[in-house]
Amino acid sequence: MHDESRIENVELAGEGDYIILHQKDGGALRFHAMWLRDNALDAETRSPQNGQRLITIDDIPVETRVSAATLDGPDSLKIEFQPEKKSLTYSLNWLKRHAYDVAEEKSAGWLDPKVELWDKALNNRIPTADYETVTQDKAALAAWLGDIRRFGFAKMTGGPVKSGALLDVAALFGFVRETNYGKWFEVRAEVTPTNLAFTSAGLQAHTDNPYRDPVPTMQILYALENSATGGDSLLVDGFKAVKRLQENNPDHFDILARYNARYEYAGQADVCLQSRKPMIELEPDGELVGVRFNNRSIAPVTDVPFDKMPDYYAAYRALSEIINDPAMAVSFRLEPGDCFIVDNTRVLHARNAYSGHGSRWLQGCYPDKDGLLSTLASLENKNLEDNDA
Ligand code: FE2
């Protein structure tokens, strides 16, 4: 096999403060002695049973350096550390997979490469799985979860028409977060609704519960009855919306990411949920990781300076207009036994108003995204091992 990134030799540099792995194609990857020592995979550093680290940073001498480094086989690098006089072996492939010596220009709003932005055009290929197939076939489950990671939502069809069946869907990949709305909640027109979701009114596209910190990270909405006229579900990619906002006017993007909004819900006895978070959430390195948008539960915003408030409102309005643009939304109807799942940190959902003729009964719940990603990563790792075998 021709591998242009193959490591050809290793060089000791900076008086042992770091090593340089020289690649066949002329590239080079540097690794610090401290980083290498901390990330050793020997049985004294990492538990062979569970992979957890057995040492603390204080156990590594501050003057740690490399005194010798030699290639010891096609995938093996032997390193001698001082002053511990410790000899450790590293997999070159492992080092390449964990390389950090890579120059990347990261601007505000960059996205994980696993994320694919979408708009109305995705209507032709809505990610969908069949309930029976996914419950019996791990590869089909992995594909469905992979679609959710990529698009931030997916549909599932053909499930049982039975109250509580949404919990069986959640149990395919993780765990449900219980809230003041219960372990799951009923979405149908109520006489004295505690939330406008529990009426027949149309709802602007929104993310759920922005007044929580953290927000519910996933939501399943499962249809049990849907013979009413209207009531179709609409989804909007919040990441696509804020990227479009940024393209149109970078200042609008910046101000909604820079300043916190406020959200509140106190519509039930003994409940007063409040949060202080921006509409556009970025990691410290600028990665776009969250959108909070909900006209029903935004509270008075008080963290924007007086001079900036007109710009803030202009940006808020511009984002709302993008979200309302029909070119942004995919839409579909749920039949009894169908459901969809959304990544509530990214994708907004909406519903058209529906009439009193016929009935509409959905159930909703909030599974956690970390559990979904954990199940997906575990299925993918197993797949890699099976392919290696
Ligand atoms: Fe909602």
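Cut-offs used in this document
Residues numbered from 1 in each chain as written. Predicted model: local features only at pLDDT ≥ 70, side-chain atom pairs only at ≥ 80, totals over all residues. Heavy atoms only, no water. Axes fitted to C-alpha atoms, helices over the stretch in contact; angles between N-to-C directions. Helix = DSSP H or I, 4+ residues; strand = E, 2+ residues; numbered from the N terminus. Parallel < 35°, antiparallel > 145°, perpendicular 65-115°, else oblique. Contact = heavy atoms within 4.5 Å. Nonpolar A, V, L, I, M, F, W, Y, C, P; charged D, E, K, R; others polar. Donors = N, O, S within 2.8 Å, 3.2 Å for Na, K, Ca; no water. Buried < 20%, exposed > 50% of the residue type's maximum accessible area, 1.4 Å probe, protein only. Pairing = 2+ DSSP bridges. Core = buried A, V, L, I, M, F, W, Y, C linked by side-chain atoms within 4.5 Å. Phe/Tyr/Trp six-rings, centres within 6.5 Å; stacked < 30°, edge-to-face > 60°. Lys NZ or Arg CZ within 6 Å of the ring centre and 35° of its normal. Domains from an automatic or database assignment. Polar contact = N/O pair within 3.5 Å; in protein donor to acceptor, adjacent residues only side chain to side chain. Salt bridge = Lys/Arg side-chain N within 4 Å of Asp/Glu carboxyl O.

Chemist: I'd love a proper account of the packing of helix H6 (residues 238–248) against helix H7 (residues 250–258), names of residues and values included.
Modeler: Where H6 meets H7, the axes come as close as 5 Å, and the angle between the chain directions of the two elements is 130°. The pairing of H6 with H7 is recorded here as oblique in orientation. In this structure, H6 uses Val242, Leu245, Gln246 and Asn248 to contact H7, whose residues at the interface are Pro250, His252, Phe253 and Leu256. Among the residues forming the contact of H6 with H7, the class breakdown is five nonpolar, three polar and no charged.

Chemist: Can you tell me about the coordination of the iron ion, naming the residues and giving the values?
Modeler: Taken together, His206 (NE2), Asp208 (OD) and His349 (NE2) make up the protein donors of the iron ion, found 2.1 to 2.2 Å from the metal. Counting gaps between the donor residues of the iron ion yields the pattern H-x1-D-x140-H. Judged by its relative accessible area of 10%, Asp208 falls in the buried class.

Chemist: Which residues make up the sheet that holds strand S4 (residues 65–71), and what values go with them?
Modeler: Strand order in this open sheet of three strands is S4-S5-S6, and the pairing throughout is antiparallel. In the strand order of this sheet, the two ends are held by S4 and strand S6 (86–91), each with one partner. On average, each strand axis in the sheet is tilted by 25° relative to the strand beside it, whichever way the strands run. Alignment of strand S5 (residues 76–82) against S6, held across six bridges, turns out to be antiparallel. When the sheet's bridge partners are listed, Ile79 is paired in S6 with Leu88.

Chemist: Mind laying out the nonpolar core, listing which residues take part and the relevant values?
Modeler: One recurring pattern in soluble globular proteins: nonpolar side chains tend to sit buried together. Phe153, Leu235, Leu256, Met279, Tyr312 and Leu319 are the most contacted members of the largest nonpolar core, which totals 57 residues. Of the residues forming this core, the biggest block, eight residues, is contributed by helix H8 (residues 309–324). Residue contacts for Phe153: discarding those within four places in its chain leaves Trp118, Leu122, Ile126, Pro127, Asp147, Ile148, Leu235, Val330, Phe332, Ile341 and Val342. Ranked by size, the runner-up nonpolar core spans 27 residues in total, among them Val134, Ala142, Met156 and Leu376.

Chemist: Requested: an account of the packing of aromatic side chains, with residues and values cited.
Modeler: For the structure on display, the rule yields twelve aromatic pairs. Centroid distance Tyr181 to Tyr265: 5.7 Å. Interplanar angle 50°. Geometry classified as tilted. Of the two residues, Tyr181 sits in the loop between strand S9 (176–177) and strand S10 (185–187) while Tyr265 sits in strand S14 (residues 261–265), which places them 84 residues apart along the sequence. With respect to burial, Tyr181 and Tyr265 carry one shared label: buried. The buried category is assigned to Tyr265, whose relative accessible area is 9%. Positioned above the aromatic ring of Trp361, the side-chain terminus of Arg188 is 4.5 Å from the ring centre. Between Arg258 and the ring centre of Tyr259, over which it is positioned, the NZ or CZ distance is 4.7 Å.

Chemist: Give me the domain arrangement of the protein chain: which residues, what numbers.
Modeler: Parsing the protein chain into structural domains produces domain 1 (7–102) and domain 2 (120–378). Domain 1 and domain 2 are separated by 44 Å when their C-alpha centres are compared.

Chemist: Describe the sheet that holds strand S13 (residues 233–237), naming the residues involved and giving the relevant values.
Modeler: Strand order across the open sheet formed by four strands is S11-S20-S13-S18, with antiparallel pairing between neighbours. A strand with exactly one partner marks an edge of an open sheet, and here the two such strands are strand S11 (203–206) and strand S18 (329–332). Strand-to-strand, the axes of this sheet are offset by a mean angle of 20°, without reference to chain direction. Across four bridges, S13 lies against S18 in antiparallel orientation. By the bridge assignment, Ser233 is partnered in S18 with Phe332.

Chemist: Help me get a handle on H6, residues and values and all.
Modeler: When we look at burial in H6, the residues that qualify are Gly238, Phe239, Ala241, Val242, Lys243, Leu245 and Gln246. Check the buried side of H6 and you find it contacts S13, H7, strand S16 (280–282), strand S17 (288–291), H8 and strand S20 (347–351). Two or three places before Phe239, at the opening of H6, Asp237 has a side-chain oxygen 3.1 Å from that residue's backbone nitrogen.

Chemist: Describe the environment of Gly202, and please don't skip the residues or the numbers.
Modeler: Tracing the backbone through its elements, the reader meets Gly202 in the loop between S10 and S11. With a relative accessible area of 39%, Gly202 lands in the partly exposed category. For the pair formed by Gly202 and Thr64, sequence separation is 138 residues and the distance between their alpha carbons is 63 Å. When neighbours within four sequence positions are excluded, Gly202 is seen to be in contact with Arg351, Asn352 and Ala353.

Chemist: Run through the pattern of salt bridges, naming residues and quoting values.
Modeler: Scanning all chains against the criterion turns up 19 salt bridges. In this structure, Asp232 and Arg333 form a salt bridge, with 3.1 Å as the shortest nitrogen-oxygen distance. In this pair, Asp232 sits in the loop between strand S12 (218–226) and S13 while Arg333 sits in the loop between S18 and strand S19 (339–343), placing the two residues 101 residues apart along the sequence. For Asp237, the salt bridge is made with Arg346, and the minimal N-O distance between the two is 2.8 Å. In this pair, Asp237 is assigned in strand S13 and Arg346 in the loop between S19 and S20, connecting sequence segments 109 residues apart. One continuous salt-bridge network, built from bridges that share partners, spans Asp42, Glu44 and Lys86.

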